[in-house]
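# Examination of the molecular architecture
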There are 2 protein chains.
Amino acid sequence: MKIQLALDRLTIPEAIRLTHLVESHIDWIEVGTSLIKEFGMDSVREMKKAFPHKTILADTKTMDNAKYEAEISFSAGADIITVMGTAPIVTIKTCMEMARRYQKRVMIDLLNTSSEQQKSLLAIEDAIFCLHISKDEQELNGKNEWQKSQIPADFLTPSHTIAAAGGITLDSFSQLLTSGINIAIIGSAITKASKPADAAKQFNQLAKGGVFINE
Amino acid sequence: MKIQLALDRLTIPEAIRLTHLVESHIDWIEVGTSLIKEFGMDSVREMKKAFPHKTILADTKTMDNAKYEAEISFSAGADIITVMGTAPIVTIKTCMEMARRYQKRVMIDLLNTSSEQQKSLLAIEDAIFCLHISKDEQELNGKNEWQKSQIPADFLTPSHTIAAAGGITLDSFSQLLTSGINIAIIGSAITKASKPADAAKQFNQLAKGGVFINE
């Protein structure tokens, strides 16, 4: 299982400093929506410059203007962009087409999609699908962190690459390890830990152990 | 009827230069999502600095992290932010709450919402509702500009403030004038006109005439 470090509500120098502490324990770096909206594509450019060997996901949460948003993100160094599953289908398909053109990837964020929308989106080839409990749902609505039982069976086929995001802690992570999820997106459990490197190391040890057990 | 000038796919200096040409003919200035994602909150800050007397809408298209996105946008000078109608309801309500706290406003973007979602959103007080045909739907899907008949009757009550966005031209604008819409969001019909000031003046003359006829 891969670990995607989600960086949010930080300045760019804070994000770089924090990532340096944990980089050997994580796989992908997510430049969070808050960094993009606060600092623009500089956030993606500077993270790629600081970590050129890492996969950078720009959490663009695209809803429209797919060609333009894909171009500015991929040009700034993003390896993966995100598009909302609730966007018009033409926007999602344009993101997929742009990713093929740039030889990059797209993560489809399933936040607040209906099961009908999810079923139709799952037919899209080469996408990464992100099951997402949003920050607001967690922090303001008391919606809890991931449980293995919340992952729809349709998603767990060998042909799908699935990520889970939203309040993942070391406790819930153990459950996710045997859930069939491919990527765990972890934010504050690392970034707000008193010792981020130790926290990231613990996640990583579980993740790599988990993969071993599953194989 | 108010005219909201939508600025997209421009640098900040281009957006400022263009807005200076047309400012006397438009009511609200929209700092488009593309400017926010490309240049961050500098785009909002610089537009407010250049046009302090104008209402500035930051098209944040918020899907999550409502408190943070509202704070950075209102602090940068936005008078209105946008939230997606397809976002979790807690996110939409948090935007409303933040707007009350800052004495600012929220536009709920109804892009790709179902009629059930629209019905439930219409109960939210003090919001501006935006009926939206997206750029991608227009440019890539051949979905046409606004027709008066496309505006659901539920929206057209005196208690609702309604905006329409998406490919509005001088031709379709005439129809909108008698449709009950309060705000017309106009982008390329002004920004890409050979003479932006003339185009904006024509829209404005129709808009102010339209209001007069309706009264």
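Please refer to the structure placed before this passage.
Residues numbered from 1 in each chain as written. Chains lettered and ligands numbered in written order. Predicted model: local features only at pLDDT ≥ 70, side-chain atom pairs only at ≥ 80, totals over all residues. Heavy atoms only, no water.

### Regarding the overall build of chain A
Within chain A, the secondary structure is distributed over 10 helices and eight strands. Seen through its C-alpha atoms, chain A measures out along the principal axes to roughly 40 × 40 × 35 Å. The buried share of chain A, reckoned over its 215 residues, is 58%. For chain A, the exposed area adds up to about 8,900 Å²; of that, 50% sits on carbon and sulfur atoms. Side chains of chain A give 23 positive and 26 negative charges; the mean places of these two sets differ by 3 Å. (Helix = DSSP H or I, 4+ residues; strand = E, 2+ residues; numbered from the N terminus. Buried < 20%, exposed > 50% of the residue type's maximum accessible area, 1.4 Å probe, protein only. Areas by Shrake-Rupley, 256 points an atom, 1.4 Å probe, with all protein chains shown as cover. Lys, Arg positive; Asp, Glu negative; His and termini not counted. Charge placed at Lys NZ, Arg CZ, Asp CG, Glu CD.)

### Concerning the sheet that holds strand E2 (residues 28-31) of chain B
If you walk around this closed barrel you meet the eight strands as E1-E2-E3-E4-E5-E6-E7-E8 (chain B), and the pairing is parallel. On average, each strand axis in the sheet is tilted by 25 degrees relative to the strand beside it, whichever way the strands run. (Pairing = 2+ DSSP bridges. Axes fitted to C-alpha atoms, helices over the stretch in contact; angles between N-to-C directions.)

### Topic: the sheet that holds strand E7 (residues 161-165) of chain A
Residues and elements named next belong to chain A. Sheet architecture is closed into a barrel: eight strands sit in the order E1-E2-E3-E4-E5-E6-E7-E8, paired in parallel fashion. Adjacent strand axes in the sheet meet at a mean angle of 25 degrees when their direction is disregarded. Bridge analysis of strand E3 (residues 55-62) against strand E4 (residues 80-84) gives three bridges, and the strand direction is parallel. Residue Leu57 lies in a different strand from E4, and its bridge partner there is Ile80.

### Points about the pairing of strand E6 (residues 128-132) of chain B
Side-chain positions along a regular strand alternate between the two faces of the sheet. Residues and elements named next belong to chain B. Among the five residues that make up E6, five are buried, leaving the element largely enclosed by the rest of the structure. The alternating pattern of E6 places Ile128, Cys130 and His132 and Phe129 and Leu131 on opposite faces, both of which are buried. Of the pairings in the sheet, the one linking strand E5 (residues 105-109) to E6 comprises three bridges and is parallel in character. Looking at E6, one finds that Met107 is bridged to Ile128. Note that the unit made of E5, helix H6 (residues 115-121) and E6 has a crossover that is right-handed. Two elements, E6 and strand E7 (residues 161-165), share five bridges in a ladder whose sense is parallel. In the strand pairing of E7, Cys130 is matched with Ala163. (Right-handed = clockwise from strand over helix to strand, strands pointing away.)

### Here we look at the interface of chain B and chain A
Between chain B and chain A, the residue contacts involve 37 residues of the former and 37 residues of the latter. Interface area lost by chain B to chain A is led by B:Lys37, B:Asp64 and B:Asp136, which between them contribute 23%. Note that A:Lys37 and B:Glu69 form a salt bridge whose closest N and O atoms lie 2.9 Å from each other. Put simply, the parts of the chain that give the side of chain B that touches chain A at least two residues each are helix H2 (33-39), strand E3 (55-62), helix H4 (66-76), helix H5 (89-102) and helix H7 (135-141) of chain B. Tallying contributions element by element places H2(B) first for the side of chain B that touches chain A, with six residues. (Contact = heavy atoms within 4.5 Å. Buried area = accessible area lost by both parts, 1.4 Å probe. Salt bridge = Lys/Arg side-chain N within 4 Å of Asp/Glu carboxyl O.)

### Observations regarding the relation of the copies chain B and chain A
Mapping between the two chain copies consists of a rotation about an axis together with a translation along that axis. With an RMSD of 0.0 Å, the fit of chain B onto chain A corresponds to turning through 180 degrees and sliding 0.0 Å along the axis. This pairing of chains is accounted for by a two-fold axis. Using C-alpha coordinates, one finds that chain B approaches the rotation axis most closely at B:Gly40, a distance of 1.9 Å. The residues that chain B uses at the interface reappear at the interface of chain A in 100% of cases, marking a shared surface. (Least-squares fit on C-alpha atoms with pLDDT ≥ 70 in both.)

### Remarks on the side chain of B:Glu69
Secondary-structure assignment places B:Glu69 in helix H4. With residues up to four places along the chain from it excluded, the contact list for B:Glu69 reads A:Thr33, A:Lys37, B:Thr60, B:Thr62 and B:Asp64.

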